[in-house]
Amino acid sequence: MNTLPGRRTRVLAATTATAGLMLVAACTSTNNGGSGSKTAAGGVELVKAGQLTTCTHLPYPPFQSEIDGKVQGFDVSLIDLVAKDLGVKQEILDTPFENFKTGAFLNAGKCDLAAAGMTITAERKKNVDFSAPYFDATQAVLVDKTSGVNSLADVKAKGIKLGAQAQTTGEDYAKSKGFDPVSFESSDAVLNGLRTGQVKAVIIDYPVVQGWLKDKANADKFKVVDNLKTGEQYGFTVKKGNTKLREAIDKAIAKAKSDGTYKKLYEQWIGPYDASVASPAAS
(Lines give C-alpha, C1' and ligand atoms only; values in the text may rest on other atoms or scores of the structure.)
Protein backbone atom coordinates (compact mmCIF):
# COMPACT_ATOMS: atom_id res chain seq x y z
CA MET A 1 0.00 0.00 0.00
CA ASN A 2 1.07 3.57 0.43
CA THR A 3 1.43 5.97 3.33
CA LEU A 4 -1.68 4.50 4.87
CA PRO A 5 -0.88 1.31 3.11
CA GLY A 6 -2.92 -1.65 2.26
CA ARG A 7 -2.13 -5.33 2.26
CA ARG A 8 -0.19 -7.81 0.43
CA THR A 9 1.74 -9.30 -2.34
CA ARG A 10 5.07 -8.58 -3.92
CA VAL A 11 6.69 -11.98 -3.96
CA LEU A 12 9.85 -12.97 -2.24
CA ALA A 13 9.30 -16.53 -3.44
CA ALA A 14 6.99 -16.32 -6.41
CA THR A 15 4.20 -18.62 -5.37
CA THR A 16 1.28 -16.45 -6.42
CA ALA A 17 3.17 -14.82 -9.24
CA THR A 18 2.17 -17.82 -11.32
CA ALA A 19 -1.40 -17.15 -10.22
CA GLY A 20 -2.61 -20.72 -10.76
CA LEU A 21 -6.14 -19.44 -10.60
CA MET A 22 -8.25 -21.73 -8.51
CA LEU A 23 -12.01 -21.64 -8.28
CA VAL A 24 -13.18 -22.78 -4.88
CA ALA A 25 -16.75 -23.01 -3.69
CA ALA A 26 -17.54 -21.20 -0.48
CA CYS A 27 -20.20 -22.36 1.91
CA THR A 28 -23.32 -20.69 0.57
CA SER A 29 -26.07 -22.69 -1.11
CA THR A 30 -29.04 -20.70 -2.36
CA ASN A 31 -31.28 -20.53 -5.40
CA ASN A 32 -29.82 -19.02 -8.53
CA GLY A 33 -32.79 -16.78 -9.24
CA GLY A 34 -33.74 -18.01 -12.66
CA SER A 35 -32.76 -19.97 -15.75
CA GLY A 36 -29.19 -18.93 -16.40
CA SER A 37 -29.83 -15.22 -15.88
CA LYS A 38 -26.86 -13.03 -14.96
CA THR A 39 -29.21 -10.60 -13.24
CA ALA A 40 -29.65 -11.35 -9.55
CA ALA A 41 -32.10 -9.94 -7.01
CA GLY A 42 -32.25 -6.16 -6.97
CA GLY A 43 -31.08 -5.93 -10.56
CA VAL A 44 -27.46 -6.72 -9.68
CA GLU A 45 -25.57 -7.85 -12.79
CA LEU A 46 -23.19 -10.79 -12.26
CA VAL A 47 -20.24 -11.99 -14.33
CA LYS A 48 -21.58 -15.57 -14.17
CA ALA A 49 -25.18 -16.67 -13.86
CA GLY A 50 -26.23 -18.04 -10.51
CA GLN A 51 -23.09 -17.12 -8.61
CA LEU A 52 -21.38 -14.20 -6.93
CA THR A 53 -17.71 -14.51 -7.95
CA THR A 54 -15.29 -13.23 -5.33
CA CYS A 55 -11.62 -12.54 -5.97
CA THR A 56 -9.34 -13.11 -2.99
CA HIS A 57 -5.71 -13.94 -2.21
CA LEU A 58 -5.05 -17.02 -0.12
CA PRO A 59 -4.20 -17.63 2.59
CA TYR A 60 -5.10 -14.81 4.97
CA PRO A 61 -6.63 -16.28 8.12
CA PRO A 62 -8.91 -15.45 9.81
CA PHE A 63 -10.39 -13.57 6.84
CA GLN A 64 -10.01 -16.29 4.23
CA SER A 65 -8.10 -19.55 4.14
CA GLU A 66 -8.68 -23.14 3.09
CA ILE A 67 -10.01 -25.27 5.94
CA ASP A 68 -10.98 -28.90 5.36
CA GLY A 69 -10.83 -28.39 1.61
CA LYS A 70 -13.12 -25.34 1.63
CA VAL A 71 -12.31 -21.64 1.68
CA GLN A 72 -13.67 -20.16 4.90
CA GLY A 73 -13.20 -17.11 7.11
CA PHE A 74 -14.65 -13.80 8.25
CA ASP A 75 -14.67 -12.18 4.80
CA VAL A 76 -16.12 -15.32 3.25
CA SER A 77 -18.93 -15.43 5.80
CA LEU A 78 -19.84 -11.77 5.25
CA ILE A 79 -19.95 -12.15 1.48
CA ASP A 80 -22.04 -15.30 1.91
CA LEU A 81 -24.66 -12.97 3.42
CA VAL A 82 -24.54 -10.81 0.28
CA ALA A 83 -24.87 -13.87 -1.95
CA LYS A 84 -27.85 -15.07 0.07
CA ASP A 85 -29.59 -11.71 -0.36
CA LEU A 86 -28.97 -11.90 -4.10
CA GLY A 87 -30.35 -15.43 -4.30
CA VAL A 88 -27.12 -16.95 -5.59
CA LYS A 89 -24.09 -18.86 -4.26
CA GLN A 90 -20.61 -17.48 -3.66
CA GLU A 91 -17.63 -18.82 -5.63
CA ILE A 92 -14.08 -17.80 -4.73
CA LEU A 93 -11.24 -17.17 -7.17
CA ASP A 94 -7.70 -17.10 -5.75
CA THR A 95 -5.67 -14.36 -7.49
CA PRO A 96 -2.47 -12.32 -6.94
CA PHE A 97 -3.04 -9.52 -4.44
CA GLU A 98 -1.58 -6.90 -6.79
CA ASN A 99 -4.69 -7.26 -8.95
CA PHE A 100 -6.77 -5.73 -6.16
CA LYS A 101 -4.90 -2.43 -6.33
CA THR A 102 -5.61 -2.03 -10.03
CA GLY A 103 -9.03 -3.68 -10.17
CA ALA A 104 -7.75 -5.76 -13.09
CA PHE A 105 -9.88 -8.85 -12.52
CA LEU A 106 -12.97 -6.76 -11.84
CA ASN A 107 -12.45 -4.78 -15.03
CA ALA A 108 -11.82 -7.96 -17.02
CA GLY A 109 -15.12 -9.45 -15.86
CA LYS A 110 -13.50 -12.34 -13.98
CA CYS A 111 -14.92 -11.34 -10.58
CA ASP A 112 -17.89 -9.41 -9.24
CA LEU A 113 -16.08 -8.20 -6.15
CA ALA A 114 -12.84 -8.53 -4.22
CA ALA A 115 -12.67 -9.57 -0.56
CA ALA A 116 -9.18 -9.85 0.85
CA GLY A 117 -8.89 -8.04 4.17
CA MET A 118 -8.14 -4.98 2.06
CA THR A 119 -7.39 -1.52 3.41
CA ILE A 120 -9.37 1.39 1.99
CA THR A 121 -6.93 3.94 0.53
CA ALA A 122 -7.26 7.03 -1.63
CA GLU A 123 -4.91 5.49 -4.19
CA ARG A 124 -7.05 2.37 -4.57
CA LYS A 125 -10.22 4.41 -4.83
CA LYS A 126 -8.90 5.68 -8.17
CA ASN A 127 -9.31 2.17 -9.61
CA VAL A 128 -12.16 0.53 -7.68
CA ASP A 129 -15.23 1.41 -5.63
CA PHE A 130 -15.16 0.39 -1.97
CA SER A 131 -18.01 -0.78 0.20
CA ALA A 132 -18.62 0.87 3.54
CA PRO A 133 -15.82 -0.04 5.98
CA TYR A 134 -16.54 -3.35 7.67
CA PHE A 135 -13.53 -3.72 9.95
CA ASP A 136 -11.11 -1.50 11.88
CA ALA A 137 -7.64 -3.01 12.03
CA THR A 138 -4.31 -2.37 13.70
CA GLN A 139 -0.82 -3.74 13.17
CA ALA A 140 0.94 -5.88 15.75
CA VAL A 141 4.64 -6.25 16.43
CA LEU A 142 5.11 -9.94 17.16
CA VAL A 143 8.44 -11.22 18.45
CA ASP A 144 10.23 -14.35 19.54
CA LYS A 145 10.25 -14.36 23.34
CA THR A 146 13.97 -15.13 23.29
CA SER A 147 14.77 -11.97 21.31
CA GLY A 148 14.82 -9.65 24.33
CA VAL A 149 12.60 -7.23 22.40
CA ASN A 150 9.79 -5.37 24.19
CA SER A 151 8.83 -2.74 21.60
CA LEU A 152 9.32 -1.72 17.98
CA ALA A 153 11.94 0.74 19.22
CA ASP A 154 13.84 -2.21 20.69
CA VAL A 155 13.81 -3.94 17.32
CA LYS A 156 15.68 -0.99 15.82
CA ALA A 157 17.97 -0.33 18.80
CA LYS A 158 19.10 -3.96 18.96
CA GLY A 159 19.42 -4.44 15.22
CA ILE A 160 16.87 -7.27 15.20
CA LYS A 161 15.89 -8.56 11.77
CA LEU A 162 12.27 -7.52 11.08
CA GLY A 163 9.85 -9.21 8.68
CA ALA A 164 6.63 -8.03 7.02
CA GLN A 165 4.30 -9.02 4.22
CA ALA A 166 5.20 -7.46 0.90
CA GLN A 167 3.20 -4.45 -0.31
CA THR A 168 1.21 -4.18 2.90
CA THR A 169 0.48 -1.66 5.57
CA GLY A 170 2.94 -3.40 7.84
CA GLU A 171 5.77 -3.25 5.33
CA ASP A 172 5.10 0.38 4.49
CA TYR A 173 4.91 1.33 8.16
CA ALA A 174 8.23 -0.39 8.82
CA LYS A 175 9.88 1.44 5.94
CA SER A 176 8.44 4.75 7.12
CA LYS A 177 10.20 4.17 10.44
CA GLY A 178 13.56 3.53 8.79
CA PHE A 179 13.52 -0.27 8.68
CA ASP A 180 14.48 -2.42 5.72
CA PRO A 181 12.19 -5.36 6.45
CA VAL A 182 12.54 -8.85 5.02
CA SER A 183 9.58 -9.22 2.64
CA PHE A 184 7.40 -12.32 2.63
CA GLU A 185 4.72 -13.21 0.08
CA SER A 186 1.86 -14.03 2.45
CA SER A 187 0.85 -13.74 6.08
CA ASP A 188 1.53 -17.45 6.52
CA ALA A 189 5.04 -16.95 5.13
CA VAL A 190 5.63 -14.05 7.56
CA LEU A 191 4.67 -16.18 10.55
CA ASN A 192 6.66 -19.13 9.27
CA GLY A 193 9.67 -16.84 8.89
CA LEU A 194 9.31 -15.90 12.55
CA ARG A 195 8.73 -19.49 13.63
CA THR A 196 11.82 -20.76 11.80
CA GLY A 197 14.10 -17.94 12.92
CA GLN A 198 14.52 -16.21 9.56
CA VAL A 199 13.46 -13.10 11.45
CA LYS A 200 13.06 -12.43 15.17
CA ALA A 201 10.25 -9.88 14.87
CA VAL A 202 7.45 -9.13 12.42
CA ILE A 203 4.86 -6.45 11.78
CA ILE A 204 1.58 -8.04 10.76
CA ASP A 205 -2.17 -7.38 10.96
CA TYR A 206 -3.32 -7.86 14.54
CA PRO A 207 -6.37 -10.03 13.69
CA VAL A 208 -3.98 -12.54 12.12
CA VAL A 209 -1.95 -12.58 15.33
CA GLN A 210 -5.08 -13.04 17.45
CA GLY A 211 -5.90 -16.23 15.64
CA TRP A 212 -2.32 -17.48 15.52
CA LEU A 213 -1.74 -17.05 19.25
CA LYS A 214 -4.79 -19.17 20.07
CA ASP A 215 -2.41 -22.07 19.50
CA LYS A 216 -0.69 -22.61 22.86
CA ALA A 217 2.52 -23.73 21.16
CA ASN A 218 2.72 -20.35 19.41
CA ALA A 219 1.72 -18.40 22.52
CA ASP A 220 4.45 -20.14 24.51
CA LYS A 221 7.16 -18.98 22.11
CA PHE A 222 5.99 -15.64 20.75
CA LYS A 223 4.41 -12.45 22.10
CA VAL A 224 2.94 -9.13 20.95
CA VAL A 225 5.03 -6.19 22.16
CA ASP A 226 3.39 -3.31 20.27
CA ASN A 227 0.00 -2.56 18.74
CA LEU A 228 0.32 0.07 16.01
CA LYS A 229 -2.80 2.10 15.27
CA THR A 230 -2.34 2.94 11.62
CA GLY A 231 -5.96 4.00 11.02
CA GLU A 232 -6.71 1.09 8.71
CA GLN A 233 -10.23 0.17 7.69
CA TYR A 234 -11.03 -2.79 5.50
CA GLY A 235 -13.54 -2.66 2.67
CA PHE A 236 -14.78 -4.89 -0.13
CA THR A 237 -14.34 -3.63 -3.69
CA VAL A 238 -16.36 -3.69 -6.89
CA LYS A 239 -15.70 -2.40 -10.38
CA LYS A 240 -15.98 1.38 -10.56
CA GLY A 241 -19.56 2.34 -11.23
CA ASN A 242 -21.07 -0.97 -10.05
CA THR A 243 -23.39 0.88 -7.69
CA LYS A 244 -26.04 -1.81 -7.30
CA LEU A 245 -23.60 -4.45 -6.09
CA ARG A 246 -21.81 -2.00 -3.81
CA GLU A 247 -25.14 -1.02 -2.26
CA ALA A 248 -26.10 -4.69 -1.84
CA ILE A 249 -22.84 -5.29 0.05
CA ASP A 250 -23.38 -2.24 2.27
CA LYS A 251 -26.95 -3.35 3.00
CA ALA A 252 -25.85 -6.85 4.01
CA ILE A 253 -23.10 -5.50 6.29
CA ALA A 254 -25.45 -3.01 7.95
CA LYS A 255 -28.06 -5.72 8.52
CA ALA A 256 -25.47 -8.10 9.99
CA LYS A 257 -24.33 -5.42 12.43
CA SER A 258 -27.85 -4.60 13.51
CA ASP A 259 -29.16 -8.15 13.99
CA GLY A 260 -26.14 -9.61 15.80
CA THR A 261 -24.81 -11.71 12.91
CA TYR A 262 -21.67 -9.60 12.58
CA LYS A 263 -20.86 -10.05 16.27
CA LYS A 264 -21.40 -13.79 16.01
CA LEU A 265 -19.12 -14.10 12.97
CA TYR A 266 -16.49 -11.86 14.56
CA GLU A 267 -16.35 -14.09 17.63
CA GLN A 268 -16.27 -17.21 15.48
CA TRP A 269 -13.39 -16.14 13.27
CA ILE A 270 -11.43 -13.43 15.08
CA GLY A 271 -11.92 -13.55 18.83
CA PRO A 272 -13.44 -11.49 21.65
CA TYR A 273 -15.75 -8.88 20.17
CA ASP A 274 -14.83 -5.21 20.30
CA ALA A 275 -17.98 -3.13 19.79
CA SER A 276 -15.96 -0.31 18.18
CA VAL A 277 -15.42 -2.43 15.06
CA ALA A 278 -19.15 -2.71 14.50
CA SER A 279 -19.55 0.94 13.51
CA PRO A 280 -16.34 2.13 11.88
CA ALA A 281 -16.48 5.71 10.66
CA ALA A 282 -16.37 6.24 6.92
CA SER A 283 -12.83 6.25 5.65
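Here is what the cut-offs are and how they apply
- Residues numbered from 1 in each chain as written.
- Predicted model: local features only at pLDDT ≥ 70, side-chain atom pairs only at ≥ 80, totals over all residues.
- Heavy atoms only, no water.
- Disulfide = S-S within 2.5 Å.
- Helix = DSSP H or I, 4+ residues; strand = E, 2+ residues; numbered from the N terminus.
- Buried < 20%, exposed > 50% of the residue type's maximum accessible area, 1.4 Å probe, protein only.
- Core = buried A, V, L, I, M, F, W, Y, C linked by side-chain atoms within 4.5 Å.
- Contact = heavy atoms within 4.5 Å.
- Pairing = 2+ DSSP bridges.
- Axes fitted to C-alpha atoms, helices over the stretch in contact; angles between N-to-C directions.
- Phe/Tyr/Trp six-rings, centres within 6.5 Å; stacked < 30°, edge-to-face > 60°.
- Lys NZ or Arg CZ within 6 Å of the ring centre and 35° of its normal.

### Some details on the state of the cysteines
One pass over the full model with this rule turns up one disulfide. Across the disulfide from Cys55 sits Cys111; the S-S distance is 1.9 Å. Its torsion about the S-S bond being 65°, the disulfide of Cys55 and Cys111 is classed as right-handed. You can see Cys55 sitting in strand 2 (residues 51-56) and its partner Cys111 sitting in the loop between helix 3 (104-107) and strand 6 (113-114), a full 56 residues away along the chain. Accessibility expressed as a relative area gives 1% for Cys55, which makes it buried. Accessibility expressed as a relative area gives 3% for Cys111, which makes it buried.

### Observations regarding the nonpolar core
Membership of the largest hydrophobic core comes to 45 residues, with the highest contact counts inside it found for Leu52, Phe74, Leu86, Leu113, Tyr134, Phe135 and Phe236. Looking at this core, the elements that each hand over two or more residues are helix 1 (74-86), strand 8 (135-144), helix 7 (187-195), strand 11 (201-205), helix 8 (206-212), strand 12 (222-234), helix 10 (243-259) and helix 11 (261-269). Excluding residues that lie within four positions of it along the chain, Leu52 makes contacts with Leu46, Ile79, Val82, Ala83, Leu86, Val88, Lys89, Gln90, Glu91, Asp112, Leu113 and Leu245.

### Comments concerning the sheet that holds strand 11
The five strands lie next to each other as 10-9-11-8-12, forming an open sheet whose pairing is mixed. The strands lining the two open edges of the sheet, one partner per strand, are strand 10 (182-184) and strand 12. Across the sheet, the axes of successive neighbouring strands diverge by a mean angle of 25°, strand direction being ignored. Both strand 9 (residues 162-165) and strand 10 contribute to a ladder of three bridges, which runs parallel. What sits directly across from Gln165, in strand 10, is Phe184.

### Some remarks on the packing of aromatic side chains
Going through the model one piece at a time under the given rule, you end up with 14 aromatic pairs. Centroid distance Tyr60 to Phe63: 5.4 Å. Interplanar angle 15°. Geometry classified as stacked. Of the two residues, Tyr60 and Phe63, neither departs from the other in class, the shared state being buried. With centroids separated by 6.2 Å and ring planes inclined at 65°, the aromatic side chains of Phe74 and Phe135 adopt a geometry described as edge-to-face. Of this pair, Phe74 sits in helix 1 while Phe135 sits in strand 8; the two residues are 61 residues apart in sequence, bridging distant segments of the chain. Under the relative-accessibility criterion, Phe135 is labelled buried at 2%. Ring-pair connections join several aromatic residues into one group, and the members of that group are Tyr60, Phe63, Phe74, Tyr134, Phe135, Tyr234, Phe236, Tyr262 and Tyr266. Over the ring of Phe105 we find Lys110; its NZ or CZ atom is 4.8 Å from the centre of that ring. Sitting above the plane of the Tyr262 ring, Lys257 keeps its charged end 5.3 Å from the centroid.

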